[in-house]
Amino acid sequence: MSEGNSSVLEELAQLLGENGIRQQPDDYLPEVVLKPETTEQVSGILKICSAAGQPLIPIGGKTGLVSGHVRTGDELGLSMERMNAIEEIDVTNRTMTVQAGCILQVAAEAAQEKDLLLPLDLGARGTATVGGNVSTNAGGNMVIRYGMTRDMVLGLEVVLADGTIINSLNKMLKNNTGYDIKQWFIGAEGTLGVVTRVVLRLRPHPRSQNIAFVAVDSFTNVQGLLHHLDSRAGGSLSAFEVLWPEFYDYITREESTHRPPLPHGSPYYVLVETQGSDESGDAEKFETILEEAMEAGLVSDAVLTRSQSERNALWEIRDDVLAFFNLGFFVPFDVSVTLDKMEDFVRDIRAAMKQHEDPICVIFGHLGDCNLHVFLGSRNVETFDSDAVEELCYSTVERYQGSISAEHGIGIAKREKLACSRSPEEIALMATMKKTLDPGNILNPNKLLPEAFT
Ligand code: ZN
């Protein structure tokens, strides 16, 4: 730590008190972490740091997958862990106001206690924070029905790089009073401001959940099934998760703890879920819709679940992504490609991977959201070439005009690939926003924008 830094630290220690700063020697994370308790303290921190040109990394649950919270130099950490309160659940307006450090699962459970749904759910729910979810515009398992984080944020409180507090804690669904300021900070990965409080839109808690696991014999029929369910389920379709056979066969192989609900050998498997408000009526309707799909030839085989344990078992197959880490060495990609181009995209990726030695090519995704997760690599560390699979994946995404990040963000991991999915004019406009809101480049520098633009 340089001398300049030590006087900054003294000022910060005075502002935050003894319990407000933590030191943690670490190769990747900030070694000094600030832990404000109030928005005013966040503002004070930013005033001190912007005057001194001291960079900061806003920190949530550190569950992001693109190294957005990893340090690149002598950045200080700005952890929201002590600003974790649920300030209000407004049952009349169906909103909740939480501080940025509130754990997602804690917020979701508090909403559920009021018989309301916070419709954001993802694997890291027990560690991820709402502020982090906002800053990364997190996706997850219910996007097809409720949208991404962006779609459930009604208002924000944000502190700008110079310490200015922007109170934009709107609760109304409609508010067309000029620029929608909150959108600038959602998905900005902490590069434009520090999110301190969030107003979230809540929904009625669903009363019924129906799940089926189906086999489909062509991609045309996968598309047809999605459209059939979308139009017949009256807006209640809450998941459409497609597993390619490399995923399904491995997860339900003989030595695995997961039982295969359907025989191996189908080119596509789909986990389908609806959530509704009428327990008995919904189950009947769901069955009818699936029968129609079978009669139309969209589905070649299906199992319907009867019990909660069966439902859980099906979701566990979809969610057991960690099992692949025993398979070998791979890069986990998170990309989007429109539905009409997806079959060709997958075909090209698979064909290219066949040229590799001991290839790993596992594909699954939230198909209703155009989002694929693609694991590309090798079973053998000697033949694993991460640069080669990155080049393959991103160039193929670019060729099909897809997105190199569907729901994980850019961070450090993808900043130099941004141009695969964004035009030079778009990136230049982003850089202009960054320079305007953070002229000293102190907020999460070296993230999101390519180096040439910072
Ligand atoms: Zn996902």
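Further up the page is the structure itself.
Each chain carries its own residue numbering, running from 1 in the written order of its sequence. The predicted nature of this model means local features are confined to residues of pLDDT at least 70 and side-chain atom pairs, given and counted, to a pLDDT of 80 or more, with totals for whole chains, interfaces and linings taken over all residues. Heavy atoms from the whole structure form the basis of all side-chain values; hydrogens and water molecules are not counted.

### A short note on the layout of surface pockets
The space that makes up the second largest pocket amounts to roughly 790 Å³. The definitions used throughout rest on a 1 Å grid laid over the protein atoms alone, on which a cavity is an enclosed set of points accommodating a 1.4 Å probe that cannot get out and a pocket is an open set flanked by protein within 12 Å on both sides along at least five of seven lines; lining residues are those having an atom within 4 Å of a point. Looking at the second largest pocket, it is lined by 30 residues, and the ones nearest its centre are Arg150, Gly187, Arg422, Met430 and Leu448. Secondary structure counts use DSSP, requiring at least four H or I residues in a row for a helix and at least two E residues in a row for a strand, with both numbered from the N terminus. For the lining of the second largest pocket, the elements supplying multiple residues, two or more each, are α6 (182-185) and α13 (424-437). Among the elements that make up the lining of the second largest pocket, the one with the highest residue count is α13 (five residues). Grid points are joined across faces, edges and corners, and a volume is the space filled by probe spheres set on the points.

### What to know about the pairing of strand β13 (residues 237-243)
Remark: a regular strand shows side chains that alternate across the two faces of the sheet. Think of it in three bands: with a 1.4 Å probe and only protein chains considered, a residue is buried below 20% of the maximum accessible area for its type, exposed above 50%, and partly exposed in between. The buried fraction of β13 amounts to seven of the seven residues, a majority that puts the element mostly inside the structure. Of the strand pairs in this sheet, β13 and strand β14 (residues 268-276) are connected by six bridges, and their pairing is antiparallel. Counted as the bridge partner of Val242 is Val270 from β14. Pairing between two strands is assigned when DSSP locates at least 2 bridges connecting them. Pairing of β13 with strand β17 (residues 359-366), which is carried by three bridges, proceeds in the antiparallel orientation. Counted as the bridge partner of Leu243 is Phe364 from β17.

### Comments concerning helix α11 (residues 339-354)
An ideal rise of 1.5 Å per residue puts 22 Å on 16 residues; α11 measures up with 23 Å between its terminal C-alpha atoms. Taken as a whole, α11 has its buried residues at Leu339, Met342, Phe345, Val346, Asp348, Ile349 and Met353. Buried residues along α11 cover an arc of 165° about the axis, so they all sit on one side. Turned more than 90 degrees from where α11 packs its buried face, Asp340 and Lys354 sit exposed. Throughout, a residue-residue contact means that at least one pair of heavy atoms, one from each residue, lies within 4.5 Å. Looking at the buried side of α11, the elements it contacts are α7 (219-232), β16 (329-336), β17, β18 (371-378) and α12 (386-399). In a helix, the anticipated span is given by 1.5 Å times the number of residues less one. Throughout, the arc means the angular range of directions from the helix axis out to the C-beta atoms.

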